[in-house]
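Coordinate analysis (summary)
Each chain, written out:
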Amino acid sequence: MPLVKADAGLCQGYANCVMDAGEVFDLDDEGLVVVLRPVISEDERSEVEQAVVNCPVAALALVEE
Amino acid sequence: MSRTVVVGASVAGVRTVQALRREGFGGEVILIGDEPEFPYDKPPLSKAVFAGASTLDDTRLLSAAHLDDLGLDLRLGVPASTLDVAAKLVTLADGTSIGYDQVVLATGARARPSPWGAPPGLHLLRSAAHSRALSADLSRASSIVVIGAGFIGSEVAATAVHRGLHVTMVDPLANPMARVVGDEVGELLTSVHGAHGVETRLGVGVHEVRPHGDGLVIALTDGSDVVADVAVVGIGALPNVEWLADSGLALDDGVTCDEYCRAAGQTDIFAAGDVARWWHPREARHRRVEHWTHAVEQAAVVGHNLLHPDDLRPYDPVDYVWSDQYDWRIQIAGRTSGGCVAELIGDATAGRFGALYSDHDGRFVGAMTVNWQKAMVAARRLLLATDTDIVDARAHMLAAGQRRAAVDV
């Protein structure tokens, strides 16, 4: 199962992930990434992969569990 | 086996390769980079790397391990020198010829050179080599002049303050980043630089730069001089298209492309990133954009279109760019210049605010926020939709930007 990981310590709130995959990522009140749903379906893989490469600070990863 | 050649190890080039593999391309991929080093990311050069908080190695877009994962043939250190469209050949400066089935032009843009010569101590900042040269000079500097108060100049000024340097900022416009955000917001930026001790010399140009002891004298057009140990010139960028001069491709401030990012009149030649001037459907005009997110998003579309000639996707983005200056996280989306009207919302004194931009019909066309990321997400979503009224946009941004915990009275 693909599993979404986000490093809130690296996150700078650029929010490209929220734009690419708004069902999976959101921001908290401080503007930092929150993973809404770490386990994603195969249908969501493409948009989450785009979110990963669209993070300017490489704070996101998609790992296979 | 089919072969795709990507020319330019820019973020657009690297992300195109990644998109190709993600889309399932099983053919050969060759990535050509003119610099003798692994592809790296440019935004940190004027921020974390300049601050000394990161090294160039922290900014690499690819590692040796990635090459195996991507099945990528990475050719570094020799620039491409010609493109033969009829023969489908890229030739490198050392004479090597590489045939292709499809080619992606991602040679980026370079810093506009200094019109005041290159005396020791005067720097550009757009490449790893620039970054190293500037770092070496800064170790013995206590003062710096930034010439040009756009993104690079503003970020260098903010970071130089953080490094303890005395900073002077010079620009012929009245306010920093005024070309991008207009003067209402620009005035706020001027105040922030001033509050952090930056000496601003705005509304005045540079006449000449000459050596002065171990440093420089920057002679301004109002007759005054500024003396500093080093200077950074940030006055824009030029697309790297000279190598395509004999290709027959349409070139006009970049490689002219259709809405699918194919070079005009071509089906096997695409362009991505700073070098592409493509037909932007939303704005119904050709545009060339130098932002990081643009490069990444355009690369994804190009990756798809390379593999799906019968299901081409138009590239129709909303611009998005950020800039980190002092404790201001500035985010900008859509159209924020060129006669747009700005309206401030939020609390500027608390350092958490935004500006909404509208056209003359009152339609919401762009936004800028400071330390207000959630409001910016709302703005970007509205801008992707069409025709939002400025009044509705304001209400949406204010609602989205509210702190969940802040329902107190």
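Bear in mind the structure is a predicted one, so any value in this text is a computation, not a measurement.

Moving on to the sheet that holds strand β14 (residues 215-220) of chain B. Residue and element names in this part refer to chain B. Within the open sheet, the 3 strands sit side by side as β13-β14-β15. Their pairing is antiparallel. Strand pairing shows two members of the sheet lacking a second neighbour, β13 (206-212) and β15 (225-228), which therefore form its edges. Pairs of neighbouring strands in the sheet enclose a mean axial angle of 20°, with direction left out of account. Pairing of β13 with β14, which is carried by 6 bridges, proceeds in the antiparallel orientation.

A few words on the packing of helix α1 (residues 11-22) of chain B against helix α7 (residues 292-307) of chain B. Residue and element names in this part refer to chain B. One way to put it is that α1 packs onto α7 with a least axis distance of 8 Å and a crossing angle of 35°. Viewed along their axes, α1 and α7 form a crossing whose handedness is right-handed. Contact residues: V11, A12, R15, T16, A19, L20 and R22 in α1; W292, A295, V296, Q298, A299, A300, V302, G303, H304 and L306 in α7. A class-by-class count of the residues in the contact of α1 with α7 yields 11 nonpolar, 4 polar and 2 charged.

Residue and element names in this part refer to chain B. Spatially, β3-β2-β1-β7-β19 is the arrangement adopted by the 5 strands of the open sheet, whose pairing is parallel. Looking at strand neighbours, the two that pair on one side only are β3 (72-76) and β19 (269-271), the edges of this open sheet. Direction aside, neighbouring strands of the sheet carry axes that sit 20° apart on average. In this sheet, β3 lies alongside strand β2 (residues 28-33) in parallel orientation, the contact comprising 5 bridges. Its bridge partner being in β3, I30 is matched across the sheet by D73. Its contacts with the sheet put α7 on β1 (3-7), β7 (102-105) and β19, and the angle it makes with β19 is roughly 170°.

In this section: the nonpolar core. All names here are of chain B. Ranked by internal contacts, the top residues of the largest apolar core, which has 139 residues, are A231, A271 and A272. For this core, the leading source of residues is α7, giving 8 residues. When near neighbours in sequence (up to four residues on either side) are disregarded, A231 contacts G121, L122, H123, I144, V145, I147, V209, L216 and I218.

Each value, and the rule that gives it
- Residues numbered from 1 in each chain as written.
- Chains lettered and ligands numbered in written order.
- Predicted model: local features only at pLDDT ≥ 70, side-chain atom pairs only at ≥ 80, totals over all residues.
- Pairing = 2+ DSSP bridges.
- Helix = DSSP H or I, 4+ residues; strand = E, 2+ residues; numbered from the N terminus.
- Axes fitted to C-alpha atoms, helices over the stretch in contact; angles between N-to-C directions.
- Left-handed = near helix turned anticlockwise from the far one by under 90°.
- Contact = placed C-beta atoms within 7 Å.
- Nonpolar A, V, L, I, M, F, W, Y, C, P; charged D, E, K, R; others polar.
- Core = buried A, V, L, I, M, F, W, Y, C linked by C-beta atoms within 7 Å.
- Buried ≥ 20, exposed ≤ 12 C-beta atoms within 10 Å, placed from the backbone.

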